[in-house]
Each structure stands twice: as C-alpha cells, then as structure tokens.
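# An overview of the molecular structure
Listed here are the chains, written in short residue letters.
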Amino acid sequence: MSIVKINVLTVPEEQRETLEKRFAARAGAVEGSDGFEWFELLRPVEGTDTYLVYTRWRSEEDFQRWLAGRGRAAHGGGGAQDGAQGDRPKPAATDATLWSFEVVQQTGPKQA
C-alpha cells in the first residue's frame, strides 16, 4: 500500500497568507511526479499555529526520488544557491518536522 508524508509546519499568524500563496503558486509542481497520489494543505482552525502538508505516494522510493529531484528544488536546495538564501524569500514557517506513515487500511465513499 501507499505511504504518507506529513510535513508539520509552524507558521506564525502573520505568515499564514504568505505560506498559502506560495503553495498556490507552486500548484502542479508535484502532481506529475512518478508515484505521486495525493496532496492537501491543511490550515489550522483553532488553537494552533501548525499547518499540515499531506502527501501520499505509491512507495518510499517514489517519494525519495521526488525529494532528490523536484522536491529539493522546490524546497530551496540544489543549484548555486545551495546553503545560502540568495534571491529566495524568507521561509514562512519557523519550524518543520516530517512525519512518515504506511497506509495499512483505507476506504472511500460507497459507489451508488
């Protein structure tokens, strides 16, 4: 079965709009990747400054390939600016943690 990666981002209230606009601007950046299955950006609604970035992949290998290629570029790695901010804007999140899960059960709505 699939694997799920959840990037847990701490985003101060004044940076929420910035984060959401950056994700909107990158729409389509991951969808064509081999093994990609799903993406959701989850906004907190009460009592927390934590956003969740949910992605589902066919396998760990597919995720690692994306991370080493397009994912690295999308997250500021690679190229001449590696290790430096260069022209990149300041990150909207103040902290990030990656959670990993295997999908062991899944269901969807019943088809009529």
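Provided above is the structure to which this section pertains.
Residues numbered from 1 in each chain as written. Predicted model: local features only at pLDDT ≥ 70, side-chain atom pairs only at ≥ 80, totals over all residues. Heavy atoms only, no water.

Another point: the pattern of salt bridges. The tally for this structure, following the rule as stated, stands at seven salt bridges. Across the pair glutamate 17 and lysine 21 runs a salt bridge, and its minimum N-O distance is 2.9 Å. In this pair, glutamate 17 and lysine 21 both sit in helix α1 (residues 16-25), four residues apart, roughly one turn of the helix. Judged by relative accessible area, which is 53%, lysine 21 ranks as exposed. Linking arginine 65 and aspartate 62 is a salt bridge whose minimum nitrogen-to-oxygen distance equals 2.4 Å. Of this pair, arginine 65 and aspartate 62 both sit in helix α2 (residues 60-74), separated by three residues, roughly a single helical turn. A relative accessible area of 2% places aspartate 62 in the buried class. One connected set of salt bridges, linked through shared partners, spans Asp34, Arg58, Asp62 and Arg65. (Salt bridge = Lys/Arg side-chain N within 4 Å of Asp/Glu carboxyl O. Helix = DSSP H or I, 4+ residues; strand = E, 2+ residues; numbered from the N terminus. Buried < 20%, exposed > 50% of the residue type's maximum accessible area, 1.4 Å probe, protein only.)

This part takes up the sheet that holds strand β2 (residues 36-42). The strand order across the open sheet built from four strands is β2-β3-β1-β4, with neighbouring strands paired in antiparallel fashion. With partners counted over all chains shown, the strands left at the sheet margins are β2 and β4 (95-102), one partner each. In this sheet, adjacent strand axes meet at a mean angle of 15° when their direction is disregarded. Bridge analysis of β2 against strand β3 (residues 50-57) gives six bridges, and the strand direction is antiparallel. (Pairing = 2+ DSSP bridges. Axes fitted to C-alpha atoms, helices over the stretch in contact; angles between N-to-C directions.)

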